[in-house]
Amino acid sequence: MTRMQELCRAAGTEGAVLLKNANQALPIQKGEVVSVFGRIQLNYYKSGTGSGGLVNVDYVVDIPDGLRAAEGIAINEELYQTYQEWEISHPFDKGKGWAQEPFCQEEMEVSDELAQQAAEKSDLALVIIGRLAGEDRDSEAVKGSYYLSDGEEAMLRTVRAHFNRVVVLLNVGNLQDMSWDHLCDAVMYVWQGGQEGGNSVADVLTGKVSPSGKLSDTIALSLDDVPAMKNFGDPDKNAYEEDIYVGYRWFETFAPEKVKYPFGFGLSYTTFAWKLVSFQETVDDFSVTVAVENTGSVPGKEVIQVYAGIPQGKLGQPSKVLCGFAKTNVLQPGQEQEMTVTVPKNVLASYDDSGVTGHRSCRVLEAGEYLIYAGTSVRDTQIVSQFVVDELKIVETLTECMTPKIPLQRLHPKMVDGKLMPEMEVVPQRTYDLMERIASRRPADIPFQGDLGIKLKDVKDGKHTMDEFLSQLTDEDLACIVRGEGMCSPKVTLGTAGAFGGLTPHLKELGIPAGCCADGPSGIRMDCGTRATSVPSGTLLACTFNEELNEALFEEMGAEVNKNRIDTLLGPGINIHRSPLNGRNFEYFSEDPFLTGKMAAAQLRGMHKHGVTGTIKHFCANNQEYRRTFISSDMSERALRDIYLRGFEMAVKEGDARSIMTSYNAINGIWAAGNYDLCTTILRGEWGFTGIVMTDWWAKMNDEDEEATVKNTKAMVRAQNDLFMVTVDALKNTQDDNTAESLANGTLTRGELQRSAANICRFLMNSPCIEERKKTNVDGGEEDDRPAEEKLDFVIHEDTVLDVRGIEGTRGTSTIYTVLTIKEGTYELTVKASSEAGGVAQIPVTISMRHHTATFSFVGTGGETVEKTSKISLDQGKEYLKIYFGQSGLDLQELHFHKISDKKED
Ligand code: BGC
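Residue positions are given per chain, counting from 1 as you read along its sequence in written order. The predicted origin of the model limits local features to residues at a pLDDT of at least 70 and limits the giving and counting of side-chain atom pairs to 80 or more, whereas totals for whole chains, interfaces and linings rest on all residues. Side-chain numbers come from the whole structure's heavy atoms, not from hydrogens or water.

1. Some details on the overall build of the chain
So, point 1. When helices and strands are counted, the chain shows 21 helices and 41 strands.
So, point 2. Its C-alpha atoms give the chain a radius of gyration of 28 Å, within 12% of the compact-globule value 29 Å for 906 residues.
So, point 3. Reported as C-alpha extents along the three principal axes, the dimensions of the chain are approximately 80 × 70 × 45 Å.
So, point 4. The burial tally for the chain puts 66% of its 906 residues in the buried class.
So, point 5. In this description, contact between two residues means that some pair of their heavy atoms is separated by no more than 4.5 Å. Partitioning the intrachain contacts of the chain with sequence separation of at least 6 by distance along the chain shows that 78% fall at a separation of at least 24.
So, point 6. Summed over its atoms, the accessible surface of the chain is roughly 31300 Å², and 48% of this surface lies on carbon and sulfur atoms. Secondary structure elements follow DSSP: runs of H or I of four or more residues count as helices, runs of E of two or more count as strands, with numbering from the N terminus. The globule rule used here is 2.2 Å times the number of residues to the 0.38 power, and the radius of gyration it is set against is calculated over C-alpha atoms. Using a 1.4 Å probe on the protein chains alone, a residue whose accessible area is under 20% of its type maximum counts as buried, one over 50% counts as exposed, and one in between counts as partly exposed. Methods summary: accessible areas were calculated by the Shrake-Rupley approach with a probe of 1.4 Å, and residue burial reflects only the protein chains presented.

This is the structure we're talking about:
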């Protein structure tokens with residue numbers, strides 16, 4: 001096993017959350033035979049769907065495989081075979097590709113007879129429930145998505161009726177309804193654990209590793225109890241009326257009785273006792289030292305969580321907020337470990353967006369008593385100490401930003417008879433003129449000097465300043481440098497999401513390299529089929545509550561990213577789990593911004609050890625996939641800063657983030673990718689960020705009160721969202737953006753473009769791409785070096801159309817033809833295809849020949865036939881032509897080879 005595999009496996013076990021374990025159902029004892037129910041045992045979900053799940057892997061370990069490999073455990077093979085046989089007539093439904101995969105699979109009916117036969121062989125039944133959701137596709141409050149399907153419920157009831165011990169495993173990306181949990185003895189969220197998932201699950205089921213994961217979200221009794229659900233799913237405007245009261249901040253303050261399993265909760269096979277050793281306070285911080293003892297009979301780890309009860313003051317506060325945590329090492333029975341959690345007091349400050357404290361736009365600690373709690377979940381805590389703030393302290397003086405212009409309401413606590421009750425109040429509205437702010441802060445132009453012979457490396461080596469270097473860039477260079485290319489640009493590692501920087505001949509001449517970015521977050525996505533490691537999902541990794549483990553795992557990820565000649569992985573995803581239905585929750589960590597920020601910082605630190613980085617995304621408030629490019633997330637400035645931006649701020653300040661992706665949505669009416677206050681005033685001005693900001697793929701941009709479009713690079717550059725991702729050709733302005741036109745009419749300045757060019761160049765200069773890289777036009781997919789057979793499928797003349805209709809383009813499959821090329825040379829290869837999917841679906845297809853590969857990335861065409869062209873060089877002679885589908889849902893029609901030169905290009 002490689003270190004990467006070991007760490008994936010270890011993370012998979014540490015993130016599994018055991019919620020219930022009655023009747024000593026777990027761990028599985030040595031010598032036991034386990035009966036595994038649920039068809040998903042044959043198709044473990046390693047991740048959710050969409051860009052964050054498209055890692056091509058060498059293998060995925062299913063749960064039965066993991067159990068078979070465990071020492072002393074056997075599974076009921078007869079039952080397994082029954083599932084296998086049933087699957088032949090009920091094949092796994094892969095769906096139609098991008099965002100169209102089913103949430104769940106049809107379940108096999110378990111008859112009383114079958115359950116009885118199985119129960120005669122084993123005492124323990126394992127029932128696996130699988131769920132999918134992902135990018136472009138939220139979960140739904142329906143059976144088979146948030147709720148059990150009828151088939152699953154029937155299976156569970158039948159199994160319950162026949163077995164002594166019933167354990168349910170949830171192989172899911174999102175939280176599920178749990179109202180059925182009385183039907184089992186034990187239940188464990190094993191999430192989507194990447195390619196090593198089945199091994200991780202086996203380790204934790206058999207007790208090789210005792211569970212130590214803790215919920216990174218609250219599980220409510222009912223979905224209706226989640227406050228965001230009132231507005232979630234709106235097609236245009238999503239009002240964040242619950243304000244800062246997200247997740248446990250809502251439940252613990254206003255509705256503790258509505259919680260099924262609290263935030264931070266998770267069981268072990270052993271028991272722990274903890275006691276306070278000391279509480280120390282300085283002017284700036286406080287430290288809680290606890291001793292944790294393993295009081296049970298098997299080794300295990302425990303997480304101690306520190307919460308603060310902030311005085312209600314004038315701002316109003318949740319009853320508790322997480323402000324620190326620490327995880328023990330593996331403690332042997334009887335062993336004790338002391339741990340200290342130190343918390344800067346300023347972490348507890350809140351943003352005053354109304355001036356109610358007398359300090360509008362400041363982060364303040366209001367006067368009063370701050371209670372400090374420690375414990376093993378948000379619910380299971382004790383007050384360990386308190387400190388007093390005598391008079392209000394201004395922690396930071398900031399600038400009003402991103403406030404709504406439309407009337408909004410938000411929740412606010414009011415003390416009624418000694419109890420906090422939720423009330424609505426009016427959200428403070430904008431008091432400044434954004435366009436005036438932008439105009440008054442425009443950077444000066446650097447005068448154009450022509451070619452001075454300065455290369456970017458000279459700036460890196462300290463021989464010239466960035467300004468001197470940039471003075472050589474023409475207006476056209478500047479317009480080109482803010483355009484990324486993709487997907488699957490041949491200028492960088494094949495099959496990756498994008499290239500940026502030195503993409504045109506002149507930018508290249510100036511020594512600007514082409515930077516490469518690839519999805520993320522749970523492994524490297526290379527659509528041409530190149531294999532990479534699929535690591536556990538973000539939610540699982542947050543549930544580990546283990547920063548060191550995240551850092552170590554992403555150190556390995558950094559090595560893999562670097563090895564594949566990629567400069568930044570498009571992840572971690574760090575949006576807040578505002579609702580259990582958001583399709584991309586699996587990519588994100590938690591409902592809590594502090595935990596989110598800590599995890600993001602740890603992963604970035606890991607990747608930075610290899611000189612590469614991660615692009616934290618989606619900045620910000622991407623909390624609903626339905627109509628994600630149309631929706632405005634409307635909220636107060638306090639909710640924005642204290643909840644939705646907080647994780648990003650921590651990733652920048654503690655994790656030294658160097659790359660950020662803005663989101664598809666608007667925030668209070670201004671789309672993220674053209675949002676000046678988001679990308680400039682807050683990110684760079686207040687947080688000191690000096691890296692690059694890129695759009696999400698084909699994201700829209702607008703100026704205030706303007707319709708958002710993908711062409712508005714003027715708004716984007718002015719906002720200091722440096723890169724538009726992605727165009728087909730940066731030089732040709734295939735996106736037809738408005739940069740040149742805006743420069744000409746003065747709505748955009750050279751200075752603004754130069755500012756983004758500097759950000760991009762600084763990023764590239766400090767990335768591995770600044771050094772010479774090997775050529776990357778290799779087919780990373782399955783090697784196919786079998787000798788060409790006698791039979792020929794096609795002959796390629798100077799102008800040949802190959803009819804390739806009728807291939808079933810299923811994700812991960814390839815079709816191979818034998819072809820004969822009559823003459824070597826450079827050809828234009830045009831691919832004609834259509835797809836029924838919608839506009840932002842990503843459907844790649846890779847055409848590989850002996851030495852040359854081209855990946856064509858289609859977006860959904862709504863059924864219309866479209867063409868894409870790429871230049872490739874062909875050798876004379878016989879060879880294989882391989883068509884590899886990185887995603888399902890493309891109807892390929894023809895490949896057209898048209899010779900344009902006798903000479904082969906490099
Ligand atoms: C997703 C991003 C992803 C990008 C490139 C977009 O559809 O929202 O998270 O990084 O595509 O694949």
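2. Some words on the site of the ligand
So, point 1. The rule for a residue being near a molecule or strand is that one of its heavy atoms must lie within 4 Å of it. Looking at the ligand, there are 15 residues lining it, with Glu-135, Asp-519, Arg-584, His-618 and Asp-696 nearest.
So, point 2. For this analysis, a polar contact is any N or O atom pair within 3.5 Å, provided that within protein one partner can donate a hydrogen and the other can accept it, and provided that sequence-adjacent residues contribute only side-chain to side-chain pairs. At a separation of 3.3 Å, an oxygen atom of the ligand approaches a polar side-chain atom of Arg-525.
So, point 3. Between the ligand and Asp-696, the relevant distance is 2.6 Å, taken from an oxygen atom to a side-chain nitrogen or oxygen of the residue.
So, point 4. For the ligand, whose accessible area on its own is 310 Å², the fraction buried by protein is 100%.
So, point 5. For this classification, Asp, Glu, Lys and Arg are treated as charged, while Ala, Val, Leu, Ile, Met, Phe, Trp, Tyr, Cys and Pro are nonpolar and the rest, including Gly, are polar. Taken together, the residues of the shell around the ligand break down into five nonpolar, three polar and seven charged.

3. Brief notes about the environment of Asn-546
So, point 1. Locating Asn-546 in the fold gives a position in the loop between helix H13 (538-543) and helix H14 (547-563).
So, point 2. Of the residues examined, Asn-546 reaches a relative accessible area of 7% and is grouped as buried.
So, point 3. C-alpha of Asn-546 to C-alpha of Val-34: the two residues are 512 residues apart in sequence and 31 Å apart in space.
So, point 4. Among the polar contacts listed, one links the side chain of Asn-546 to the backbone nitrogen of Glu-548, at a separation of 3.1 Å.

4. With respect to the domain arrangement of the chain
So, point 1. The assigned domain composition of the chain is domain 1 (3-218), domain 2 (272-426), domain 3 (434-770) and domain 4 (788-901).
So, point 2. Bear in mind that the domain bounds are from an automatic or database domain assignment. Between the C-alpha centres of domain 1 and domain 4 the distance comes to 38 Å.
So, point 3. Listed as interface residues are 14 residues of domain 1 and, on the opposing side, 11 residues of domain 4.
So, point 4. Buried area counts how much accessible surface, traced with a 1.4 Å probe, disappears from two parts once they are put together, with both parts' losses summed. Between domain 1 and domain 4 the total buried area reaches about 910 Å² when both faces are included, carbon and sulfur atoms providing 48% of it.
So, point 5. If you sort the residues of domain 1 by the area they bury against domain 4, Leu-54, Lys-94 and Trp-98 come out on top, with a joint share of 51%.
So, point 6. When a carboxyl oxygen of Asp or Glu lies within 4 Å of a side-chain nitrogen of Lys or Arg, that pair is called a salt bridge. Here domain 1 and domain 4 share zero salt bridges between them.
So, point 7. Taken together, domain 1 and domain 4 are joined by one residue pair in polar contact (both at pLDDT 80 or more).
So, point 8. Its residues assigned to classes, the side of domain 1 that touches domain 4 shows three nonpolar, five polar and six charged.

5. Description of the sheet that holds strand E41 (residues 891-901)
So, point 1. If you trace the four strands from one edge of the open sheet to the other, you get E34-E41-E36-E39, paired in antiparallel fashion. Two strands in the sheet have a free side with no partner beyond their single neighbour: strand E34 (799-803) and strand E39 (866-874). Within the sheet, the average angular offset between the axes of one strand and its neighbour, ignoring direction, is 20°.
So, point 2. For two strands to pair, DSSP has to find at least two bridges joining them. Two elements, strand E36 (residues 825-834) and E41, share nine bridges in a ladder whose sense is antiparallel. Opposite Tyr-827, over in E41, you have Lys-899 as the bridge partner. Here, axes are lines fitted to C-alpha atoms. For helices the fit covers the stretch in contact, and angles between N-to-C directions go from 0 to 180 degrees.

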